[in-house]
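Residue strings, one per chain:
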Amino acid sequence: MLFCLVCTDKPDALDLRLANRDAHLKYWKETGRLKIAGPFTNDDQSVMNGSLIVIEAADKAEAETLAASDPYKTAGLFQSTEIRAWKWVLGAPE
């Protein structure tokens, strides 16, 4: 089952994001659960200010457990994290 993690950074947290970025990228690659991901940005894409992460998990409880261990989350970067079940229809690999 797929889940979207929609994460919003705390205001003025770019330095915290950058300090934990390598660990965040490594964590999600090593979970083997990542489908697609990338940062939200301001309108001219000069500042990252959140994350969209699509993962595969058995259920929402597992998705929550995975999200809770994200280095961005443990570093206190996120102001909020929404986890929603998602069905990939258009553009999904066949």
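I will try to describe carefully the structure that is included in this document. It should be emphasised that the depicted structure is a prediction, and the values quoted were computed from it without experimental measurement.

### Examining the packing of aromatic side chains
And step 1. This structure, assessed with the given rule, holds three aromatic pairs.
And step 2. A centroid spacing of 4.9 Å and a plane angle of 75 degrees characterise the contact between Tyr27 and Trp28, whose relative ring orientation is edge-to-face. Comparing Tyr27 with Trp28, the two get one shared label, buried.

### Some details on the side chain of Ser51
And step 1. Here Ser51 lies in strand β3 (residues 48-56).
And step 2. Here Ser51 falls in the buried class, since its relative accessible area comes to 2%.
And step 3. Within the structure, the side chain of Ser51 is placed 3.1 Å from the side chain of Arg17, a separation counted as a polar contact.
And step 4. Not counting the four nearest positions on each side in its chain, Ser51 is found in contact with Leu5, Val6, Cys7, Arg17, Gly38, Pro39, Phe40, Tyr72 and Phe78.

### Observations concerning the pattern of salt bridges
And step 1. In total, this model carries five salt bridges according to the counting rule given.
And step 2. In this structure, Arg17 engages Asp9 in a salt bridge whose closest nitrogen and oxygen atoms are separated by 2.8 Å. The pair formed by Arg17 and Asp9 is uniform in burial state, with each residue classed as buried.
And step 3. Close ionic contact of Glu82 with Arg84 constitutes a salt bridge, the shortest N to O distance being 3.7 Å.

### Details of the nonpolar core
One recurring pattern in soluble globular proteins is that nonpolar side chains are buried together.
And step 1. By size, the foremost hydrophobic cluster in this structure holds 16 residues, and its most contacted members are Phe3, Leu5, Trp28, Ile55, Ala63, Leu66 and Ile83.
And step 2. Setting aside residues no more than four positions away along its own chain, Leu5 makes contact with Trp28, Ser51, Leu52, Ile53, Ile55, Ala67, Glu82 and Ile83.

### Things to note about the pairing of strand β2 (residues 34-41)
And step 1. Relative to β3, β2 runs antiparallel, the two sharing seven bridges. Note that in β3 the partner of Leu34 across the bridge is Ile55.
And step 2. Here β2 hands over to β3 after six residues, with Gln45 in that stretch at a positive phi of 60 degrees.

### Description of helix α1 (residues 14-31)
And step 1. Taking 1.5 Å per residue, 18 residues should reach 26 Å; α1 reaches 24 Å between its end C-alpha atoms and fits that length.
And step 2. The largest bend along α1 reaches roughly 55 degrees and is located at Asn20.
And step 3. Along α1, the residues classified as buried are Arg17, Asn20, His24, Tyr27 and Trp28.
And step 4. If you follow the buried residues of α1, they end up packed against β1 (2-9), β2, β3, α2 (60-68), α3 (71-74) and β4 (78-86).
And step 5. Just beyond α1, the residue with positive phi is Gly32, at close to 70 degrees.

### Concerning the pairing of β1
And step 1. Of all eight residues that make up β1, six are buried, and the element is covered over most of its length.
And step 2. Sheet topology note: the β1/β3 ladder contains seven bridges and is antiparallel. From the neighbouring strand, Leu5 faces β3, where its bridge partner is Ile53.
And step 3. Pairing geometry for β1 and β4, over eight bridges, is antiparallel. Bridge pairing in β4 places Val6 opposite Glu82.

Cut-offs and rules
Residues numbered from 1 in each chain as written. Predicted model: local features only at pLDDT ≥ 70, side-chain atom pairs only at ≥ 80, totals over all residues. Heavy atoms only, no water. Phe/Tyr/Trp six-rings, centres within 6.5 Å; stacked < 30°, edge-to-face > 60°. Buried < 20%, exposed > 50% of the residue type's maximum accessible area, 1.4 Å probe, protein only. Helix = DSSP H or I, 4+ residues; strand = E, 2+ residues; numbered from the N terminus. Polar contact = N/O pair within 3.5 Å; in protein donor to acceptor, adjacent residues only side chain to side chain. Contact = heavy atoms within 4.5 Å. Salt bridge = Lys/Arg side-chain N within 4 Å of Asp/Glu carboxyl O. Core = buried A, V, L, I, M, F, W, Y, C linked by side-chain atoms within 4.5 Å. Pairing = 2+ DSSP bridges. Expected span 1.5 Å × (residues − 1). Bend = angle between axes of the 7 residues up to and from the residue.

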